[in-house]
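Fold and geometry: a report
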Amino acid sequence: MRLIGYTAAAIAFTAAAASAQSYCAERSEVTKRLTAKWGEAFTGGGLQNQASVYEIWTNDSKGTWTILRTSSDGTSCVMASGTNWRDGLPSEKLMGIPG
């Protein structure tokens, strides 16, 4: 009985992840939806390679987050999304130690 519960949970999680990854559209449409529907704003990101940029969009008050991958043709895909976002702690640099 317990195995069935775990299997059902794994299938539900896999279906949700596949669904999130399948949403792709022109970047302007995706970001418009993130702003209008979820109240998310661009938080940060960077280049993966010459063909892909990753972005993180968050809503601090609701705690939602979304990770986008935008390809060089301008298509953005939702790679992951979730709740309970929290900012990382500020990095501490020790005096006299480089980096």
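Heads up: the structure comes first, above all this text.
Notes on the structure follow. (Residues numbered from 1 in each chain as written. Predicted model: local features only at pLDDT ≥ 70, side-chain atom pairs only at ≥ 80, totals over all residues. Heavy atoms only, no water.)

A closer look at the overall build of the protein
The criterion, for reference: For helices the rule is a DSSP run of H or I covering at least 4 residues; for strands it is a run of E covering at least 2, with both sets numbered from the N terminus onward. Remark: exposure states derive from per-residue accessible area (1.4 Å probe, protein chains only) relative to the maximum for the residue type, with buried under 20%, exposed over 50%, and partly exposed in between. Here, two residues are considered to be in contact whenever any of their heavy atoms come within 4.5 Å of each other. Working definition of accessibility: Shrake-Rupley area with a 1.4 Å probe, residue cover restricted to the visible protein chains.
The helix and strand inventory of the protein stands at two helices and five strands. Listing every helix and strand of the protein by position from the N terminus yields α-β-α-β-β-β-β. Here the protein holds 99 residues, and the buried ones make up 22% of them. Expressed as a percentage of contacts within the protein between residues at least 6 apart in sequence, the contacts between residues at least 24 apart total 30%. Here the protein has roughly 7,400 Å² of accessible surface; of this, 60% comes from carbon and sulfur atoms.

Quick word on the state of the cysteines
Operational definition: Here, the term disulfide refers to a pair of cysteine sulfur atoms separated by no more than 2.5 Å.
Evaluated as defined, the whole model comprises one disulfide. Bridging Cys 24 to Cys 77, the disulfide has an S-S length of 2.0 Å. Taking the sign of the torsion about the S-S bond as the criterion, the disulfide between Cys 24 and Cys 77, at about 115°, is right-handed. Of this pair, Cys 24 sits in strand S1 (residues 24-26) while Cys 77 sits in strand S5 (residues 75-82), placing them 53 residues apart in sequence. For Cys 24, a relative accessible area of 37% translates into the label partly exposed.

Section: the sheet that holds S5
This is how it is decided: A pair of strands is treated as paired once DSSP finds two or more bridges between them. A fitted line through C-alpha atoms serves as each axis, taken over the contacting stretch for helices, and the angle formed by two N-to-C directions is quoted from 0 to 180°.
Read across the sheet, five strands follow the order S1-S5-S4-S3-S2 without closing on themselves; strand pairing throughout is antiparallel. Either end of the sheet is taken by a strand with one partner, and the two such strands are S1 and strand S2 (41-49). Within the sheet, the average angular offset between the axes of one strand and its neighbour, ignoring direction, is 30°. Across eight bridges, the pairing between strand S3 (residues 52-59) and strand S4 (residues 64-71) is antiparallel. Within the sheet, the bridge partner assigned to Trp 57 lies in S4 and is Thr 66. Sheet strands in contact with helix H2 (residues 27-38) are S1, S3, S4 and S5, and its direction is about 105° off that of S1.

Concerning the environment of Ala 80
Looking at where Ala 80 falls in the secondary structure, it is placed in strand S5. Looking at Ala 80, the relative accessible area reads 24%, which means it is partly exposed. Each C-alpha atom of the pair Ala 80 and Leu 68 lies 7.4 Å from the other, and the pair is 12 residues apart in sequence.

Re the nonpolar core
Threshold: Buried residues of nine kinds, namely Ala, Val, Leu, Ile, Met, Phe, Trp, Tyr and Cys, make up a nonpolar core once their side-chain atoms join them within 4.5 Å.
Among the nonpolar cores identified, the biggest contains five residues, and these are Val 30, Leu 34, Trp 57, Leu 68 and Val 78. The contact partners of Leu 68, leaving out residues within four places of it in the chain, are Val 30, Thr 31, Leu 34, Val 53, Tyr 54, Glu 55, Trp 57, Cys 77, Val 78 and Met 79.

Thoughts on unusual backbone geometry
At Asn 84, a position not held by glycine, the phi torsion is positive, near 60°. You can see Asn 84 is positioned in the segment after S5.

Regarding the pairing of S5
Sheet topology places S1 next to S5; three bridges connect them, and they run antiparallel. Its bridge partner lying in S5, Glu 26 is registered against Thr 75. A loop of three residues connects S4 with S5, the two strands running antiparallel in sequence, and Gly 74 in this loop sits at a positive phi of about 90°.

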